[in-house]
Each structure stands twice: as C-alpha cells, then as structure tokens.
Amino acid sequence: MASSSPLPLHTTPNLNPSHSKPTKIKQTQSFKPTQKLHEENKSYFHQISSLCKQSQIKQAITLLTEMNLKDVQIGPEIYGELLQGCVYDRALSTGQQIHARILKNGGFYSTNEYIETKLVIFYAKCDLLDVANQLFGKLERKNVFSWAAIIGLCCRMGSHEKALMGFNEMHKDGFFPDNFVIPNALKACSALQMIGFGKGVHGYALKMGYDSCVFVSSSLVDMYGKCGLLEDAKNVFDEIVDRNVVTWNSMIVSYVQNGMNEEALKVFYCMRMVGVEPTRVTVASFLSAAANVEAGDEGRQGHAIAVISGLEVDNILGSSLINFYSKIGFIEDAELVFSNMFDKDVVTWNLLISGYVQQGKIEDALDSCRRMRSENFGFDSVTLATILSASAKVRNMELGKECHSYCVRNNLDSDVVVANSIIEMYGKCESTDKARRVFEKTIQRDLTLWNTLIAAYAESGLSGEALKLFYQMQLEGVPPNVVSWNSVISGFLRNGQVTEAETLFSEMQCLEIQPNLITWTSLISGLAQNGHGDRAIRYFQEMQNRGLQPNTVSIISLLSACINISSLEFGKAIHGYIIRSQLFSSLSIVTSLVDMYAKCGNLHLARKFYDTVNYKELPIYNAMISGYSLHGQAGEALEVFKQMQNEKTKPDEITFTGLLSACNHAGLVDKGLKVFSDMISEYQMKPSIHHYGCMVSLLSRCENLDEALRFVLEMPLEPDAQILGTILSACKEQNNIELGEYLSQYLFKMEPDNPGNYVALSNTYAAAGRWDEVLKLRNIMKEKKLRKNPGCSWTQIGTELHAFVAGDKSHSQTKVIYETLAWLEKEMRFTHQHNMYD
DNA sequence: ATAGGGTTAG
C-alpha cells in the first residue's frame, strides 16, 4: 500500500452552500486515504480509531507498537487518527512521540501530505507557533486545512496582521478560504478595526455561499459589532434563519459593547421568547447591560435564570454578577456571590474592591486589598488604578503616595490609566507640582492625561496655569476635546473669572467644538454662583432651545445653583421643566427639589414634595430636617427625625448637623443636649467640630456661658476660631469682659484679619460702657483696612450707646461718646437716632 | 464564532 500516492486531497473549497454545520463540511472535504487496506491493517485501524475517540491514546500507541512487531503495514490514516486524538486531548507530549515514530518510519510517512497536514494542525492547536510555522513552511503542497490551522494559530496568538496576510496569500495561491478560515479572518479584522477588509470578507462569504453557515454569520455579527457598525450587525443578524445561542449572544454583546444597553436587554428577551437556552455568555453579557443602565430588576432576573438553567458560576459569570450588584448599590449581594465562588482571580478581587470604592466604603476596599494579598494575589494595574482613584475621591494623599510608590516599585506606573490616576490623585489633593512631575515622566501622554493635568490645575484654583497647559497641548500636537475646554472654563468660573469663561465658551463654538451637557451645566451653575442668576437662566433657556435635554445630574446641579443664589424663581422654572419632561421618577431629583424649596424659602412646597415620596432615603430626610432647621422650626425637624427612626433609616452626620442647628436656632437647650448625647451613645458617632459648634453656640446664647465653656474645654477636638468667636459674641450679653479679652487674644492671633472678632469684642466693650476700648478697636480696624462683614452688627454698639447716654447724667465721657457716634454715623449711616442729644 | 475588572469635565 505504501507505494502509490494515497491522497485525493481537496485543494478547492466545497462550494455547496447547503451545509449549515461545519462538521458536515469537514466530512465532505475529508482527505483521508481511500485505498483498499490490508485486512489486518483494517482491523488495527478500527481498534486504534475507536481508542483515540475515547481519549485512550496510550493504549492506541501500544497497538501501534504491536503492529510494528508483527510487521503489519501501518497506513498513514492510522497516524492521522492518533494525531487527531492528541489534538482533541491537547496531548502535546504524546503527539510528539507519534511525530517521532513517523520520522523513524522514514521518508514516505514524513513526506506524506496527509500526515504533514495533520502535524501542522496538531502543533498549531497546541499553540507551538515556531514548530507549526516551520512544518508549514516546509510543506511541498499546502492545502485549505493547513492554511486554516496556521491562520487560526495566528489569531489565537494575536498576530492578526499575519492572519489576514495568510488569508490573502492562500487565496492568491488558489486555495479558497472556507467556513473554518472565514471566522478567524473576521476576528482579525475586528481586532485591527479593519472595516474595509471585514466587508471584503463578508462579500467573499456571500459569493461563496458560506453565509448560510451559522459560524460564518455569527462571526459577521460579531465583527460588525466590534467595529461599531451596529446597523450592519443587525442586518446580518436579521437575515440569519437558523440562529443558535452564539448568534444571539453575538448580537447582545455587540449592543453592550456599543453602549446600547437597552437594545441588548430587548434582544435577550426576544431570545427567551424564541426559547433558546441561555449560556454563561448570554447571562454575563445581559448582566453587563443591566449593570450599565442600573436595571436592578432585570439583572436579578438574569441571576435567577442562571440559577434555574443550572449554569456553573465560573470566574466570568461570577464577576459579571459582582459587577452588576455593586453597580446597583447592592454590595452585600456582590459580597455573597464573591464568597460563594471557589475559584477567584485578580479580576474577581478587583471587582469587589471597585464595588466598595463605588459605594464609598474605602476601608472595606483597603481591607479587601489586604485579604487579596494574604491569599497570594498580586495587585495589578487595575487594582492600583481603583485604589488610587479612591484616594483621590477622599483626598487621602498619604494613601495615594503609598499607592504611587507601589506602582513605581512594581513598574505599574508606565500604564497610562495608572499614571492618569496618580496625576488625578495629586491634583485632587491640590499638589499640582507632584501631579506635573508624574505627567512629565509619563512617556505616553494621551489626551486623557492632558485633560487630567488641566483639571488638576483648574480645580486647585490655578486657572491661568490650566489655560497655559491648554495651549501647550496644542503646541505638542494634541488637539483638545470638549473635556479639555470644559475643565478650563470651569476653572475660570471657580475663580470668579466669568468674562474669561464666557469668552472661551463662544470661542469653542467658533472652532466647532459643540458644548455638551457638562459645558452648559458648569456654565449655568458657575454664573449662578458668581451672582449672575438672571444670565444663568437665560443660558438654561438657550441650552433647551438648542435641543439639549438636561439629565438627572444637570438638573440636580441646576437646583443647587438656585440654592446658591436663593432664587425661588429660577427654582420654579426648573421645577416646571422637571414636570414637563417627566423626570419625577428619580428620588434624587425630588430630594433636590425639596432641598431647593426649603432653602429658597418655601417650606410649604418642600413639605408637599417630601410627602409624595413613599420610600424615603436618608438624603431626603436630611433635606427636610435642614429645611426646618433653617426656618427655626426645631419641633418639625425633630418630628422628621422620629419618622426616620420609625422607618429604620440610620442618620448620618448631616442629619445631626440639621437637628443640632435647628435646636440652636430655636434656643432649645434641653432638646439639643438630648440629640447630642443620643448621637454619641445611641448611634456611636463622633461629633465633628461643626456639631460642637452648634452646641457651644446654643449654650452660650442661652446665657449658659459656663456650660458652653465647659463644652469647649472638654471637646476631644481642637476648638477652631469659629467656636471661640461664638463664645466671644456671647460675652457681651453676659458682660464678661475678662473672658472676652482672653478669647480675643487667641482669636486675633488665629485670624488677624477677621473683622467679626473685632466687632464682637467691640460689642462686649460697648455693653460695659468701655467706649475708649471700642474706639481703640475701631482704629486698629482702620489701620488694617478691615471692612465689617455684612453679618456683623454694630447695632449693639448703637443700642448700648443710647442706653448709656440716657443714664449718664454727669456727661463724664461726652468727648469719647461724640467720637463714637460720629464714627457709627459714618459707618452705617446711623442717623435715625441723631437727635438723642437734643 | 460569543463572555468579566481600572482613567478625564458638571
């Protein structure tokens, strides 16, 4: 049998378009030897073949040895079967043994096209690039099968250019790429984003009739999806008659990868309607879509479907679940999935950490990092980028620095995303110099990196420097995008440089950079914060005229601009917009609305919207409490607090700030003391300096100066100037000059240019009739060119003066009184009591 | 043939 050439090899593709399963095609294109075999050989062949199919290649090799010993002829097809068995099992060393036997058996076998092809396929499937290439290069006659193996290998190895070159070359040599080669070629096209090539392959597949093969058509859907051509992906998908799970999955994945999450969810439901059983890929992709649009119910259904379908939770499905649960804020469920996975990897850990960071649980995130390390997982660039942006978020430069040096030690700082997070961290901590040094050391300066540096300067109040960088990036050939413009503009607005901001705003439009929602929102709220509420409203209208719909974030930001300028009118305009565009579904918007009405002076409306919410959360309780507090309605504020206790909502520091300042405004000492002690003992919270401030102010105003002082002396925090100032202001009512002078000593050192302290001490002196001291202080203010703050009051002095004059029959201090009077008149046009000496 | 994680502006 050995002498004749054994092979009817197909070197032209099968053009029959009817087959939908590649396995069928494989059979029709078989290149097994067909000559008549010796009977004994035949029996061995059957035994070996069936052993190979049962993955018992070792036993098959024993039979091969037996054949050798019995001197039975060994046909090439036997080696072929054996090699095929090794391919299925990825049994590299066994395959190499067979290869050795082939070589030992001499030239016929090792130069037999059938065996040579099988060897190329074997080595290619085992990912031995060099060996496979070498054998392929030595082939005297290539064929579709060896080409397919090589092209597939190139794809797996990431050599996509080589894969496409192979596709062209085989075609040029007269071998027609079949439905095994086409999916690989398409994969290479999407990896290289070569849409033109991909379309060419599509055309070729149509011409050759391969479009009816699901493998080919599913790959086309995937390719178009990965290249962002969703229309084409959808068109191909719609044309497919026999869709399988992979086809559906490819369509879902295409939508997810292009941010069309709603569509992805819809495709999933269609797939369920048709009755196709989902796989792990289906559920994982569906969960990504659900996570991206924070579709809680849908995602949970996905989880249920995975359980019902008995899908094994592998790393990928598990991490999709963790991602989903942490994106919708159900970190406990994410933790549960995490702890039930028995094969964790870096990605799983990173997702848990990132989930904690998203929920603001920085301590838990760091704790997970420690656990991750104790279980022998190293941090990668993703871990570091996550922790770095957490450090930036909470402005913890100590932590940030630690991360930075870890990156340097482990060569992670060359990763652009990591470098970007480092720069952002230093920027948020107002260390622009450090941010810049990192920027300068980074070799790959992309647009994002520039934008982050610009934002670092802009947010630190260095708007001029930000603008300089904005020009510099253009000199270095990086054109700015909307983000860059936005940062520079909001940097100016933060500094009150309204004109500069507006100039840039019109400039960007001349350069045909379209302002987006963020541009508009920053401009509007920036103008409002700088006291141009009217112009802010006009910009808001202009924005709507141009067809831009505000989203939840911009609405909230607009409402806080209303609060900033206390403009009920602007607030009502936005409220009108909210009603018209049916944005009421969002709890955060209703909360902001309540906040706006409470702070802009319409407590009644605030309460009305507060009452419409059935399932309240902490922020809306806080908004209502602070609203009542502002209006001095402590009883109502405490009522809301009781309500939230009934609903088992845990208060936070903001809640207590509201409650304490409500008691403070209403002068309710006992209630204030009760809330304060509840905060510490019942809720185990540490009061901040602000909370102490409220108490001190409350106690000192209610003529309980000693108690207030005791509070200050016993507080675990260093008292700040504001607290001392509060007591100082109270000194006048108690006629306590001694304490006033004592506190002033500190205050004048702590904040030498705060006129409030001078005014407070002056009032104390005035209350005691010490007009000479009042004038002395006034002269110091004059020397220092200090102007009285709008909040500080001279009225006290006037009142005291009036009373003093009335009682001072001896006119012993006439001169100094006249002087004081003259000054007061000038200061605050204190004319209405001009006739008190008449 | 299909699947998971980290970056910039409000």
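About the thresholds
- Residues numbered from 1 in each chain as written.
- Chains lettered and ligands numbered in written order.
- Predicted model: local features only at pLDDT ≥ 70, side-chain atom pairs only at ≥ 80, totals over all residues.
- Heavy atoms only, no water.
- Helix = DSSP H or I, 4+ residues; strand = E, 2+ residues; numbered from the N terminus.
- Rg over C-alpha atoms; globule rule 2.2 N^0.38 Å.
- Buried < 20%, exposed > 50% of the residue type's maximum accessible area, 1.4 Å probe, protein only.
- Near = heavy atom within 4 Å.
- Polar contact = N/O pair within 3.5 Å; in protein donor to acceptor, adjacent residues only side chain to side chain.
- Expected span 1.5 Å × (residues − 1).
- Contact = heavy atoms within 4.5 Å.
- pLDDT = per-residue confidence, 0-100.
- Core = buried A, V, L, I, M, F, W, Y, C linked by side-chain atoms within 4.5 Å.
- Phe/Tyr/Trp six-rings, centres within 6.5 Å; stacked < 30°, edge-to-face > 60°.
- Lys NZ or Arg CZ within 6 Å of the ring centre and 35° of its normal.

**A short note on the overall build of chain A**
Here is step 1: From N to C terminus, chain A includes 48 helices and 0 strands.
Here is step 2: Since a compact globule built from 838 residues should have a radius of gyration of about 28 Å, the 39 Å found for chain A marks it as more spread out than a globular shape.
Here is step 3: Each principal axis of the C-alpha atoms in chain A carries an extent, and together these give about 145 × 60 × 50 Å.
Here is step 4: The buried share of chain A, taken over its 838 residues, is 50%.

**Section: the protein's contact with DNA strand B**
Here is step 1: As a matter of local geometry, DNA strand B sits amid 51 residues, with Asn-249, Ser-319, Asn-350, Asp-380 and Asn-486 nearest to it.
Here is step 2: Backbone atoms, meaning sugar and phosphate, form 39% of the atoms of DNA strand B found within 4 Å of the protein.
Here is step 3: At 3.3 Å, a side-chain N or O of Ser-219 approaches a sugar or linking oxygen of DNA strand B.
Here is step 4: Within the side chain of Lys-226, one N or O atom sits 3.1 Å away from a phosphate oxygen of DNA strand B.

**Remarks on helix α18 (residues 296–308)**
Here is step 1: Between the first and last C-alpha of α18 there are 18 Å, a value that for 13 residues agrees with the 18 Å anticipated at 1.5 Å per step.
Here is step 2: Looking at the buried residues of α18, the elements they touch are α16 (261–274), α17 (280–292) and α19 (315–327).
Here is step 3: Within two residues after α18, Gly-310 carries a phi angle of roughly 65°, on the positive side.

**A word on the confidence of the model for chain A**
Interpretation of this model should avoid reading the predicted coordinates in detail wherever pLDDT is low.
Here is step 1: Per-residue pLDDT for chain A averages 87, and the proportion of residues at 70 or more is 92%.
Here is step 2: pLDDT under 50 marks residues 1–36. Its contacts with residues more than four places away, or in other chains, come to 69 contacts.
Here is step 3: Residue range residues 830–838 is modelled with pLDDT below 50. Its contacts to residues more than four positions away, or to other chains, number 14 contacts.

**Digging into the environment of Met-208**
Here is step 1: By the element assignment, Met-208 lies in helix α12 (residues 195–208).
Here is step 2: We classify Met-208 as buried; its relative accessible area is 9%.

**A word on the nonpolar core**
Here is step 1: Grouped together as the largest cluster of nonpolar side chains are 265 residues, with contacts concentrated most on Ile-48, Leu-82, Ile-98, Ile-574 and Val-594.
Here is step 2: Residue contributions to this core peak at 10 residues, all from helix α9 (residues 144–157).
Here is step 3: Those residues in contact with Val-594 that lie beyond four places of it in its chain are Ala-606, Phe-609, Tyr-610, Ile-620, Ala-623 and Met-624.

**Points about the packing of aromatic side chains**
Here is step 1: On inspection of all chains with the given rule, the structure shows 29 aromatic pairs.
Here is step 2: Ring plane angle 65° and centroid distance 4.9 Å describe the contact between Phe-122 and Tyr-123, whose orientation is recorded as edge-to-face.
Here is step 3: Phe-122 gets classed as buried once you look at its relative accessible area, which sits at 0%.
Here is step 4: Given the relative accessible area of 4%, Tyr-123 is considered buried.
Here is step 5: Each ring, one from Phe-470 and one from Trp-485, has its centre 4.9 Å from the other, and the planes form 75°; the classification is edge-to-face. With Phe-470 in helix α28 (residues 463–475) and Trp-485 in helix α29 (residues 482–494), this pair connects stretches of sequence that are 15 residues apart.
Here is step 6: The class of Phe-470 is buried, set by a relative accessible area of 2%.
Here is step 7: The rings of Phe-167, Phe-197 and Tyr-204 are connected pair by pair, giving a single aromatic cluster.
Here is step 8: Sitting over the ring of Phe-237, Arg-243 keeps its end group 4.3 Å from the ring centre.
Here is step 9: Arg-243 extends its terminal NZ or CZ atom over the ring of Trp-248, reaching a point 5.4 Å from the ring centre.

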